[in-house]
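This is what each chain is made of:
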Amino acid sequence: MKKFNDLLVRVLKEGELFPDRTGVGRIKIFGVTERFDLKSGFPLVNTRYVPYKSMIRELKWFIQGRNDLAGLRPEGNDTAKTIWDQWSPTEESVKSFVDRNIKPIYEQSIDNETALNEELSKVQSDLSKKFVGKIGRLYGSAWRNVPLGYPYTAMQLAIIPKVSLEDIPSDKLAIYKADYEEIKQEILSTIRESFHGQTDEQLDTVRQSFFKEYVHSRYNQTIDQLGIVMHSLKHKPFSSRHVISNWIPEFIPFETLSPEDNVILGKGSLAACHCTVQFLVRERNNVKYLSCLMFQRSCDLPVGVPFNISQYSLLTYLIAHVLGYVADEFVWVGGDVHIYQNQVELVKEQIERIAYPPPQITINPNLVDLFQFHENDVTINNYEYHPAINYPVAK
């Protein structure tokens, strides 16, 4: 990854010093494009060690649409720390939120101190159960569960195009089937009463129709951007609409509040750094090639960008694999590309290192469904790297 080191050099050489949200200060340039040929190797930075297993686990976490830290920790290690812990509410931060924001309101109407403390304790308990160990509405929510501005009416549901059961993401379909089983007997009873006199074959057709309508209604209660893109890549590969947006205005946190407070208020702990993803399919000699472009608005170059480049490259490999395409190219577009002032000396150490050839990637040939992806489905081969550099992370 010589081009990554070259970019570090460019920022130090051409960058200007700017103040920033964290108070540390950034040396930055604006507007960068880097292209990586996925056919020649996996773009994993090797002038410092990148903990690629954590990167793979985080990608799985996004694909699953999760925002809980428990889903990000290694299996069997419930106490492992993740990079996201520092932006997630704790019991202490929830108590602080209640004391600063809820208590003054309750004090206006509850005079009895014992009653006041009991009510505040209930509020704190409810908020803790809902938000402790979560990062709020960020990447997983944006990929898989964007809320509708308003729910579809029955008429709209009858008109909008239906996705076949085979194209509903398998993880969601499993949930719908389990939930349907709980109401199945009531529905069957209604069918028997409403379609009295029909043959078993006719009733079975009605039952299947009811289930399909149930799934159609459930799936369209939120917007599954990743599910939609997988469907379009499969059925309309040459479309220009293979886009996922992580920049959901409703999710953007208030910049004057802490990450923890923003989560409790229903926002993301941070504003999405990698904002927009677009895929492109080319066909050459009857073979389809998949490319990905990712725009990143805020780019912590030494710390976050190596993760982001490899992560979206891996996503491209995975999607190409399950669709029977060939991973072609990853295009990274950086907006605010920066090095924090407290990272400069370590960056100077990294740019003196000579880059190794890129590693190769192997994907489990039995993986046929993106939504059943597990980190063990990926193997990174021949990853040669220099020692880790413990860069500070600006909060």
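Data block above holds the structure.
Residues numbered from 1 in each chain as written. Predicted model: local features only at pLDDT ≥ 70, side-chain atom pairs only at ≥ 80, totals over all residues. Heavy atoms only, no water.

Asker: Can you help me understand the sheet that holds strand β8 (residues 326–340) in this one?
Answerer: Hydrogen bonds between backbone atoms are what pair the strands of a sheet, whose relative direction is either parallel or antiparallel. Strand order in the open sheet made by the 6 strands is β1-β2-β8-β7-β6-β5, with mixed pairing throughout. Both edges of this open sheet fall to β1 (16–18) and β5 (243–245), since each of them pairs with a single strand only. On average, each strand axis in the sheet is tilted by 20° relative to the strand beside it, whichever way the strands run. Inspection of the sheet shows β5 paired to strand β6 (residues 274–284) by 3 bridges, in the antiparallel sense. By the bridge assignment, V243 is partnered in β6 with Q278. Lying on the sheet, helix α11 (residues 304–323) is in contact with β2 (26–37), β6, β7 (287–300) and β8; it crosses β7 at an angle near 160°. (Pairing = 2+ DSSP bridges. Helix = DSSP H or I, 4+ residues; strand = E, 2+ residues; numbered from the N terminus. Axes fitted to C-alpha atoms, helices over the stretch in contact; angles between N-to-C directions. Contact = heavy atoms within 4.5 Å.)

Asker: How should I be thinking about helix α1 (residues 2–14) in this particular structure?
Answerer: Owing to its 3.6 residues per turn, the α-helix aligns residues three or four sequence positions apart on the same side. Here α1 spans 18 Å end to end across 13 residues, near enough to the 18 Å set by a 1.5 Å rise per residue. Among the residues of α1, those classed as buried are F4, N5, L7, L8 and V11. In a view along the axis of α1, the buried residues occupy a sector of 155°, so they form one face of it. Residues of α1 that are exposed and point more than 90 degrees away from the buried face comprise K2 and K13. Residues of α1 that are buried make contact with β2, α11, β8 and α12 (344–351). (Expected span 1.5 Å × (residues − 1). Buried < 20%, exposed > 50% of the residue type's maximum accessible area, 1.4 Å probe, protein only. Arc of directions from axis to C-beta.)

Asker: For this particular structure, what's the right way to read the environment of N112?
Answerer: Among the structural elements, N112 can be located in the loop between α3 (91–107) and α4 (113–131). Judged by its relative accessible area of 45%, N112 is partly exposed. When the C-alpha positions of N112 and I135 are compared, they lie 35 Å apart, and in sequence the two are 23 residues distant. For N112, the side chain forms a polar contact with the main-chain nitrogen of A115, separated by 2.8 Å. (Polar contact = N/O pair within 3.5 Å; in protein donor to acceptor, adjacent residues only side chain to side chain.)

Asker: Looking at this structure, I do not really get α12. What am I missing?
Answerer: Considered for burial, the residues of α12 that qualify are V344, V347 and Q350. One face of α12 carries all of its buried residues, which in axial projection span an arc of 110°. In the core, the buried residues of α12 are packed alongside α1, β2 and β8.

Asker: I'm lost on the pattern of salt bridges in this one. Help?
Answerer: Opposite charge on two side chains permits them to pair, given that their charged atoms come into close proximity. Applying the stated criterion across every chain yields a total of 26 salt bridges. The partner of R73 in a salt bridge is D85, and the shortest N-O contact between them spans 3.4 Å. Placement of the pair is R73 in the loop between α2 (52–63) and α3 and D85 in the loop between α2 and α3, with a sequence separation of 12 residues. Using a relative accessible area of 18% as the deciding quantity, one classes D85 as buried. Ionic pairing is found between K288 and E283, a salt bridge with its closest N-O pair at 3.2 Å. Given a relative accessible area of 22%, K288 falls into the partly exposed group. Each member of the salt-bridge network shares a partner with another, and the members are D37, K39, R282, R284 and D328. (Salt bridge = Lys/Arg side-chain N within 4 Å of Asp/Glu carboxyl O.)

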